[in-house]
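# Coordinate inspection notes
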Amino acid sequence: MGTFAIQIAKWLGAEVTTTASPRGKGLVERLGADVVIDYTTQRFEDHVRDMDGVFDLLGGDTLTKSFSVVKPGAMVVSIAGMPEPATAQKDLKRGLGLTALFWLASFGLRRSAKRHNARYRYLFMHPSGAELAELARLIESGTLTPIIDRVFPFAEINDAFAYLETGRAKGKVIVTMV
Ligand SMILES: NC(=O)c1ccc[n+]([C@@H]2O[C@H](COP(=O)([O-])OP(=O)(O)OC[C@H]3O[C@@H](n4cnc5c(N)ncnc54)[C@H](OP(=O)(O)O)[C@@H]3O)[C@@H](O)[C@H]2O)c1
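All of these numbers come straight from a predicted model, not from anything done at the bench.

Rules behind the numbers
- Residues numbered from 1 in each chain as written.
- Predicted model: local features only at pLDDT ≥ 70, side-chain atom pairs only at ≥ 80, totals over all residues.
- Heavy atoms only, no water.
- Helix = DSSP H or I, 4+ residues; strand = E, 2+ residues; numbered from the N terminus.
- Buried < 20%, exposed > 50% of the residue type's maximum accessible area, 1.4 Å probe, protein only.
- Contact = heavy atoms within 4.5 Å.
- Areas by Shrake-Rupley, 256 points an atom, 1.4 Å probe, with all protein chains shown as cover.
- Lys, Arg positive; Asp, Glu negative; His and termini not counted.
- Charge placed at Lys NZ, Arg CZ, Asp CG, Glu CD.
- Core = buried A, V, L, I, M, F, W, Y, C linked by side-chain atoms within 4.5 Å.
- Salt bridge = Lys/Arg side-chain N within 4 Å of Asp/Glu carboxyl O.
- Domains from an automatic or database assignment.
- Buried area = accessible area lost by both parts, 1.4 Å probe.

A tally of regular secondary structure across the chain gives nine helices and seven strands. Based on the C-alpha atoms only, the size of the chain along its principal axes is roughly 50 × 40 × 30 Å. Residue burial in the chain is summarised as follows: out of 178 residues, 33% are buried. In the chain, once contacts between residues fewer than 6 apart in sequence are set aside, the share between residues at least 24 apart is 45%. As displayed, the chain has an accessible area near 11,400 Å², and 58% of this comes from carbon and sulfur atoms. Positive and negative side-chain charges in the chain, numbering 22 and 19 respectively, have mean positions lying 6 Å apart.

Spelled out as structure tokens, the structure:
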């Protein structure tokens, strides 16, 4: 996710600060990151402030700390935190039951966001032909480069998932049908 997020943010004209391990530093710099913070030795919240927004891929503590590094009123969007009420209403078009469940599940996060005068949204992956076509156009024109880490034959699909679950993949893990 990060390998695409950095490239898309650069395409949108953003200045990008990201965390990475020493193993990932070269890659994120090649993808366009302007500032790289080594999360194995540094706390990003000590080095970053007044950001216009955060895109969080980790959840947990990283997400909670992200609220402290944005400008007042700025948005923290996570794909790894807790869904919140707008996820149920706007993204999933569901009713009161799920809205109430997500309200409860995200209560702590929304409270942390409020304490820092930040806004919180959870982003659910959703099927969109139009957005996929736009991504395909950006890839074909060379604006975005998909990063492929490893390719597994279908017979080794279990190994592919096990590798993904290590959380160490650098880019996409591909399973081929042959
Ligand atoms: N909401 C949705 O619809 C949706 C859809 C798809 C995925 N997701 C979620 O999105 C998250 C990201 O997915 P992914 O496939 O990109 O992830 P991933 O495989 O978990 O991420 C791997 C990368 O994260 C780096 N990393 C690990 N810990 C880090 C830290 N503390 N700071 C910075 N980088 C760190 C690793 O680098 P090193 O090995 O160098 O440490 C590795 O390059 C997952 O939690 C996944 O469940 C959500």
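Next comes the rest of the account.
All right, on to the nonpolar core then. Counting 16 residues, the largest nonpolar core has Leu 63, Phe 67, Val 69, Val 70, Val 76 and Tyr 120 as the members making the most contacts within it. When residues of this core are traced back to their parent elements, those giving at least two are strand S3 (51-56), strand S4 (70-78), helix H7 (107-115) and strand S5 (119-122). It is S4 that contributes the most residues to this core, three residues altogether. Beyond its immediate sequence surroundings of up to four residues, Tyr 120 is in contact with Leu 63, Phe 67, Met 75, Val 76, Ser 78, Gly 81, Met 82, Glu 84, Leu 109, Arg 110 and Ala 113. In terms of nonpolar packing, the next biggest core, distinct from the first, is built from nine residues, Ala 20, Leu 27, Val 28 and Ala 33 among them.

With that out of the way, let us pick up the pattern of salt bridges. Following the criterion strictly, the structure yields nine salt bridges and no others. The closest approach of N and O atoms between Glu 45 and Arg 43, which form a salt bridge, is 3.7 Å. Measuring nitrogen to oxygen at the nearest pair gives 2.8 Å for the salt bridge that ties Arg 43 to Asp 46. Take Asp 46: its relative accessible area is 48%, and that puts it in the partly exposed class.

Our next topic: the domain arrangement of the chain. It is common to give the size of an interface as the accessible area lost on bringing the parts into contact. Its domain assignment divides the chain into domain 1 (2-146) and domain 2 (147-178). Relative to domain 2, the C-alpha centre of domain 1 lies at a distance of 24 Å. Listed as interface residues are nine residues of domain 1 and, on the opposing side, six residues of domain 2. Its largest share of buried area at the contact with domain 2, domain 1 owes to Arg 23, Leu 27 and Pro 146, together 57% of the area lost on that side.

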